[in-house]
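Working through the structure, step by step
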Amino acid sequence: MARSFYPIENFAPAPQQVSLLPFRFTRFFGQELLVNEAGEFIFAPEGTAYSLLEGAVDVRSLLYKDLKAKHIVYDETSSALLDVLATKIRTKYDHLSGGTKLHIFVVTLRCEHSCHYCQVSRQTASKGEFDMSRETADRSISLMLDSPSPHVTLELQGGEPLLAFDMIQYIVPKAKEQARIRNKGLDIVVTTNLACATDEMLTYFRDEEVRISTSLDGPAFLHNKNRPRPGNDSYERAIDGIERGRAILGHSNVAALMTTTAASLDHVEEIIDEYVRRDFHTIFLRPISPYGFALKTKNRTGYEMERFLEFYKQGLAHILNINRSGYRLAEIYSQILLSKILTPQGTGYVDLQSPAGGAWNVLVYNYNGDVFASDESRMLAEMQDWTFRLGNVHKDNRRSLFTSEAALRMFEVSCNQSLAGCSDCAFQSYCGADPIYHHATQGDMYGHRPTSGFCTRNMEVIKHLFSFIQEDNPETMGIFWSWLTGRPLPQKGGTCD
């Protein structure tokens, strides 16, 4: 005799008071994509948003249960779920707690390279008057450690910082000692082209636990074209420095970044293959930044954002194929966005923050003591645009920097939740505001989204990543989760363990 059960309605009465929680939506390849305040999403049949507004979604349907689970609707049984939603939103914005974490010291403007796309106003290698003084370094260290964050990162850059190695040797022990006294954690990174790196310098970085970030734009013909220097041997010196750096500091303590110029656009697979050949497991497909010296050479090195997006998509397809072959290689920008889309965690990536990351997440201390809201705002100042100069280490403290007129103007337009074109965008919770970019490119910190390169890039990259998520191919999603969790790549045709 077959056993029968009472229908579920006998155990759980139908909800009587259904309400909507804040959500945004967009049409997406035959479906609707609905996203809640915490960035959680659901693909639903077309017309779902309209049905929600009309109160026409069947509360007994599986769709209603999914919408309730994703915090898009709530009813009289949802009180515990609302607390969960509040926790998820708080987790997403955890990067705001503790204050500024990244502090960039420009120890010199001197550089022996003359890169066409350089974002900095460089000086020749012999002009020592463009080095940071000890007094400026002392005040900068003090301001850095005034941040309420219990753990800060000090990035030493230039110009080429190794041309002022004596200043690095002054700053590193001072910063470490002061951090110890204040009971703060401290990471130190030096951003260098490695052309001038000696074994003695590399040994010093190993002994002081300083990590290295360098530039690698691709194979020799492209790197040397992008980064000219006397002798035309930038690539050879970079590769030599990477290999010696890994031998002395350890493989994981040397990272590389590339910049995409017009000359790069037809060579994305060769660039990626160069990173694999050099045994890197991350690559950041970065567009050229519209700041500093790059503005002067934009006709030679610049391009339309649409052309960069073709480059990015072709590159991501090649990277996924490399992962499918068993070599783990993560594309950093995709990894950042996938983390915001697929996990409850926020990220510390400054360009995709709301409130915008300038000052909140990063401060830049120039060689002369001027303090800027970001490296990009320092680059604007080198072009005589002082809009984002917050003050000077010799005159200001943390309070006066953050209440300066420059800071307050920027903070007013730092939340994409309140910006026209962003506030109702389905991708708002994954994106940022970036008033510095819009000031530089459109002369207006608010920005005009329909013509914004920032908006064009992020909208298209996020759509592209969502297209993979909608397709839900187990192998592709396994690769993405491997990037997010560090787990092994999936076996061919399978998912991660």
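Quick summary incoming for the structure in this document. Please read these numbers as outputs of a predicted model, since none were measured by experiment.

What counts and what doesn't
- Residues numbered from 1 in each chain as written.
- Predicted model: local features only at pLDDT ≥ 70, side-chain atom pairs only at ≥ 80, totals over all residues.
- Heavy atoms only, no water.
- Helix = DSSP H or I, 4+ residues; strand = E, 2+ residues; numbered from the N terminus.
- Buried < 20%, exposed > 50% of the residue type's maximum accessible area, 1.4 Å probe, protein only.
- Contact = heavy atoms within 4.5 Å.
- Areas by Shrake-Rupley, 256 points an atom, 1.4 Å probe, with all protein chains shown as cover.
- Polar contact = N/O pair within 3.5 Å; in protein donor to acceptor, adjacent residues only side chain to side chain.
- Core = buried A, V, L, I, M, F, W, Y, C linked by side-chain atoms within 4.5 Å.
- Salt bridge = Lys/Arg side-chain N within 4 Å of Asp/Glu carboxyl O.
- Lys, Arg positive; Asp, Glu negative; His and termini not counted.
- Disulfide = S-S within 2.5 Å.
- Axes fitted to C-alpha atoms, helices over the stretch in contact; angles between N-to-C directions.
- Parallel < 35°, antiparallel > 145°, perpendicular 65-115°, else oblique.
- Left-handed = near helix turned anticlockwise from the far one by under 90°.
- Nonpolar A, V, L, I, M, F, W, Y, C, P; charged D, E, K, R; others polar.
- Pairing = 2+ DSSP bridges.

Right, let's get into the overall build of the protein chain. Looking only at helices and strands, the protein chain has 19 helices and 15 strands in total. The dimensions of the protein chain, computed from C-alpha atoms along their principal axes, are 90 × 50 × 45 Å. Within the protein chain, the proportion of its 497 residues that are buried is 54%. Contacts spanning at least 24 positions in sequence make up 68% of the contacts within the protein chain whose residues lie at least 6 apart. On the protein chain, roughly 22000 Å² of surface is accessible, and the fraction owed to carbon and sulfur atoms is 52%.

Our next topic: the side chain of R229. Along the polypeptide, R229 turns up in the loop between α7 (220-226) and α8 (234-249). Of the residues examined, R229 reaches a relative accessible area of 13% and is grouped as buried. At 3.1 Å, the side chain of R229 and the side chain of E112 are in polar contact. Discounting residues that sit within four places of it in the chain, R229 has contacts with E112, H113, A195, S234 and R237.

Turning to the nonpolar core, a few remarks are in order. Of all hydrophobic cores here, the largest spans 124 residues; its most connected members are F105, L156, I171, F205 and F466. The element best represented in this core is helix α12 (residues 305-324), accounting for nine residues. Here F105 is in contact with M132, A137, S140, I141, M144, L154, E155, L156, Q157, I171 and Y365, once residues within four sequence places are set aside. Core analysis: the next-biggest nonpolar cluster, separate from the first, contains 11 residues, F23, A49, Y64 and L67 among them.

The final tally for this structure, using the stated rule, is 23 salt bridges. Across the salt bridge formed by R24 and E37, the nearest N and O atoms sit 2.7 Å from each other. Of this pair, R24 sits in strand β2 (residues 23-28) while E37 sits in the loop between β3 (31-36) and β4 (41-45), placing them 13 residues apart in sequence. Here E460 makes a salt bridge to K313, at a shortest N to O gap of 2.7 Å. On the criterion of sequence distance, the pair formed by E460 in helix α18 (residues 453-471) and K313 in helix α12 is long-range, its members being 147 residues apart. Look at the salt bridges and you will find they share partners, linking E112, R229, D233 and R237 into a network.

Counting through the fold element by element, K92 comes out in helix α3 (residues 79-92). Here K92 is buried and forms no salt bridge, its nearest opposite-charge partner E40 lying at an N-O distance of 8.6 Å. A distance of 2.5 Å separates a polar side-chain atom of K92 from the backbone oxygen of K340. With residues up to four places along the chain from it excluded, the contact list for K92 reads A38, S339, K340, T343, P344, Q345 and G346.

Taken as a whole and judged by the stated rule, the model has zero disulfides. There is no disulfide at C422, and the cysteine sulfur nearest it, in C455, is 6.2 Å away. For C422, a relative accessible area of 9% gives the class buried.

Before going further, it helps to spend a moment on the packing of helix α13 (residues 332-342) against α18. Viewed as axis vectors pointing N to C, α13 and α18 meet at an angle of 65°, and their least axial separation amounts to 11 Å. The angle between the axes of α13 and α18 places the two elements in the roughly perpendicular class. Our pair here, α13 against α18, has a crossing hand that is right-handed. Of the residues in α18, those in contact with Y333, S334, L337, L338, I341 and L342 of α13 are R457, N458, V461, I462, L465, F466 and I469. Tallied by class, the residues present in the contact of α13 with α18 amount to 10 nonpolar, two polar and one charged.

What follows deals with the sheet that holds strand β10 (residues 254-257). One open sheet holds the eight strands; their spatial order is β10-β9-β8-β7-β6-β13-β14-β15, and the pairing between them is mixed. Taken across any chain shown, the strands that pair with only one partner, and hence form the sheet edges, are β10 and β15 (389-392). Within the sheet, the average angular offset between the axes of one strand and its neighbour, ignoring direction, is 25°. Where strand β9 (residues 210-215) meets β10, four bridges bridge the pair, whose relative direction is parallel. Note that in β10 the partner of S215 across the bridge is L257. Along the sheet, helix α14 (residues 375-382) contacts β6 (102-106), β7 (151-157), β13 (362-365) and β14 (370-372); its crossing angle with β14, the most-contacted strand, is approximately 125°.

Moving on, we get to the packing of α12 against α18. Relative orientation of the contacting elements α12 and α18 amounts to 30°, with a least axis distance of 10 Å. On the basis of the axis angle, α12 is roughly parallel to α18. α18 is crossed by α12, and the crossing has right-handed handedness. Contacts between α12 and α18 involve M305, E306, F308, L309, Y312, K313, L316 and L320 on the former and, on the latter, G453, T456, R457, E460, V461, H464, L465 and F468.

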